[in-house]
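Next come the chains, spelled out residue by residue.
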Amino acid sequence: MLELANKRVLLGVSGSIAAYKSAELVRLLCKQGAQVRVVMTATATEFIQPLTFQALSGNVVYSAWDDADRGDGMGHIELARWADVIVIAPASADFLARLRQGMAGDLLTTLCLASDGTIAVAPAMNRLMWENAATKENLAVLKQRGIHILGPGTGGQACGEVGLGRMLEPEQLARDIPTLFSTGILSGTKLLLTAGPTREPIDAMRFLSNRSSGKMGYALAQAAIEAGADVTLISGPVALPSPSRAKRLNVNSADEMYDAVMSEVAANDVFISAAAVADYRPANPSKEKVKRKDDNVDLALTQNRDIVASVAALPNKPFTVGFAAETSDVEVHARGKLERKGLDLIAANQVGEGQGAEVDDNAMTMYWADGSQHLEKTTKNKLARQMVAIIGEHYRAES
Ligand SMILES: Cc1cc2nc3c(=O)[nH]c(=O)nc-3n(C[C@H](O)[C@H](O)[C@H](O)COP(=O)(O)O)c2cc1C
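Here's the deal with the overall build of the chain
The secondary structure content of the chain amounts to 14 helices and 19 strands. Overall, the C-alpha framework of the chain stretches about 90 × 50 × 35 Å when taken along its three principal axes. The contacts of the chain with a sequence gap of at least 6 include a subset with a gap of at least 24, amounting to 67%.

What to know about the pairing of strand E19 (residues 371-379)
Counted residue by residue, E19 has 0 buried out of 9 residues, so it is predominantly exposed. Bridge count for strand E18 (residues 361-368) against E19 is 7 bridges, and the pairing is antiparallel. Counterpart to aspartate 361 in the pairing with E19 is threonine 379. Linking two consecutive strands that pair antiparallel, namely E18 and E19, is a turn of 2 residues.

A word on the site of the ligand
Around the ligand, the structure places 15 residues, and the nearest of them are Ser14, Gly15, Ser16, Thr41 and Ser92. For the shell around the ligand, a count of residues per class yields 8 nonpolar, 6 polar and 1 charged.

Overview of the nonpolar core
Nonpolar side chains tend to gather and get buried jointly when the protein is soluble and globular. If you look at the biggest cluster of nonpolar residues, it comprises 59 residues, and the most contacted ones within it are Leu193, Leu220, Ala221, Ala224 and Ile346. No other element matches the 8 residues that helix H10 (residues 215-226) contributes to this core. Once you skip the residues sitting within four places of it in the chain, leucine 220 turns out to touch Leu193, Ile272, Ala274, Ala384, Met387 and Val388. If you look at the next biggest cluster of nonpolar residues, it comprises 54 residues, including Met40, Val61, Leu96 and Leu108.

As for the packing of helix H5 (residues 93-101) against helix H8 (residues 133-144)
Closest axis-to-axis distance for the H5/H8 pair is 9 Å, and the angle between their directions is 50°. It follows that H5 is oblique to H8 by the angle criterion. In the crossing of H5 with H8, the sense of the turn from one axis to the other is left-handed. Residues Ala93, Leu96, Ala97, Leu99 and Arg100 of H5 touch H8, and the partners they reach there are Thr135, Asn138, Leu139, Val141 and Leu142. In terms of residue class, the contact of H5 with H8 is built from 7 nonpolar, 2 polar and 1 charged.

Focus: unusual backbone geometry
Here the amide bond leading from alanine 89 into proline 90 is cis, since omega sits at -5°, within 30 degrees of zero. Tracing the backbone shows proline 90 in strand E3 (residues 85-91). Of note, the phi angle at asparagine 6 is positive, near 70°, even though the residue is not glycine. For asparagine 6, the location among the structural elements is in the segment before strand E1 (8-13).

Structural notes on the sheet that holds E3
The strand order across the open sheet built from 5 strands is E2-E1-E3-E4-E5, with neighbouring strands paired in parallel fashion. Each edge of the sheet is formed by a strand with only one pairing partner; in this case those strands are strand E2 (35-40) and strand E5 (148-149). Bridge count for E3 against strand E4 (residues 118-123) is 5 bridges, and the pairing is parallel. Residue valine 87 lies in a different strand from E4, and its bridge partner there is alanine 120.

Focus: the sheet that holds strand E12 (residues 247-250)
The sheet built from 8 strands is open, its strands ordered E12-E11-E8-E13-E16-E17-E18-E19 with mixed pairing. Looking at the sheet topology across the chains shown, the edges are occupied by E12 and E19. Geometrically, the sheet is characterised by an average inter-axis angle of 15° between neighbouring strands, direction not taken into account. In the packing of H10 onto the sheet, contacts are made with strand E8 (190-195), strand E11 (230-235), strand E13 (270-273) and E18, and the angle to E8 comes to roughly 165°. Across the sheet, helix H14 (residues 380-398) lies against E13, strand E16 (319-326), strand E17 (345-350), E18 and E19, angled at about 160° from E19, the strand it touches most.

Side note on the domain arrangement of the chain
What the domain assignment lists for the chain is domain 1 (8-180) and domain 2 (190-398). Just the C-alpha atoms count here: the centres of domain 1 and domain 2 sit 41 Å apart.

Notes on the environment of alanine 223
In this fold, alanine 223 is placed in helix H10. Considering only alpha carbons, one finds alanine 223 and alanine 389, 166 residues apart in sequence, at a separation of 9.0 Å. When neighbours within four sequence positions are excluded, alanine 223 is seen to be in contact with Ala384, Arg385 and Val388.

Here we look at the pairing of E1
The element E1 is largely enclosed, with a buried count of 6 among its 6 residues. Inspection of the sheet shows E1 paired to E2 by 6 bridges, in the parallel sense. Paired with valine 13 across the bridge in E2 is methionine 40. For the segment spanning E1, helix H1 (residues 21-31) and E2, crossover handedness is right-handed. Direction of pairing for E1 relative to E3: parallel, over a ladder of 4 bridges. By the bridge assignment for E3, valine 9 is matched with valine 85.

So, how was this worked out
- Residues numbered from 1 in each chain as written.
- Predicted model: local features only at pLDDT ≥ 70, side-chain atom pairs only at ≥ 80, totals over all residues.
- Helix = DSSP H or I, 4+ residues; strand = E, 2+ residues; numbered from the N terminus.
- Contact = placed C-beta atoms within 7 Å.
- Buried ≥ 20, exposed ≤ 12 C-beta atoms within 10 Å, placed from the backbone.
- Pairing = 2+ DSSP bridges.
- Near = placed C-beta within 6 Å.
- Nonpolar A, V, L, I, M, F, W, Y, C, P; charged D, E, K, R; others polar.
- Core = buried A, V, L, I, M, F, W, Y, C linked by C-beta atoms within 7 Å.
- Axes fitted to C-alpha atoms, helices over the stretch in contact; angles between N-to-C directions.
- Parallel < 35°, antiparallel > 145°, perpendicular 65-115°, else oblique.
- Left-handed = near helix turned anticlockwise from the far one by under 90°.
- Domains from an automatic or database assignment.
- Right-handed = clockwise from strand over helix to strand, strands pointing away.

What follows is the structure, given as structure tokens:
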């Protein structure tokens, strides 16, 4: 199992003699499945060439302001957003002092200031610099702010002294970094997910569809990726950008979605059916656009195949999670569906009157055979992370 599969690590390198060891750290992080981008302080580039990190990480190295610029001057914010975790190794005494002060005079400190994610530092310095009251105080404040302090280690130093202040060895840091992630519950898991509405053709121009925006499904795909899963997303027509680390297959109708799911499902451990699949489709769609007539028209509908029930009925079925969007009696309908369709878990929510579809916030209750858990109304992104944690726990308990 690759412990850092799908993880994005932004490695900051500051001006310490230990900077050369970070080259090995990049190699070890990549080996564990991480995507690594390196940001160097100006001083760090005097200790080791950016080219070394570029070759090992397979990505351009950032140091000057311009390096992160995408043309709109906002590249530093983009980089901070990109990272699942920021690790500064080595962290010089001066860098730690700047971080403590909230300074933003260079790219690396700015990234740290612009991040609301996890930050860790691996200090590296002479023993007396480490023992200095100023450094001690800086570290105490950083720790109090939730910044993780990795090390330092003890031993012989470049300056000839022996004591505390050495950067932890790359092998040790490569073991510590995966522990910075709170999730990882789906590491090594292959997860198939459907999202969005379906379109059922009436004629060449018209279709039947529903109010699903795909936001909940896409948020779940993102949360599953963050939890370490290898995600395949089968998407109905939505106006959302693809989660960058998912394999996305686009479909239109429920029939197409059924076929796509059935051809992918065998390779997956978990299936989440978040799409709002039409139960019925026009029985006789016309290839031509239907012309307006003088009298009313009856639209005959025929039933679509039930995707989630078909998956749950497979002999080697994946851990199967369904959705129930109900306008009333949510629990009764959800439990009925859970049992009838042979699902492992069902996520149920109330829809209609500004709830559920099309909006950014949602509340949800997860039901399983002998329990349930209510998740309070919050953003779909936060909700998705909570749901993935529950899905991961139940999947692990059964597998
Ligand atoms: C040869 C040499 C080695 C150095 N090693 C360290 C070190 O291990 N730790 C440290 O905190 N500073 C060390 N320094 C001092 C820093 O490079 C200096 O404080 C610099 O301003 C840090 O800049 P930065 O934090 O922007 O990278 C060293 C300086 C030199 C010339």
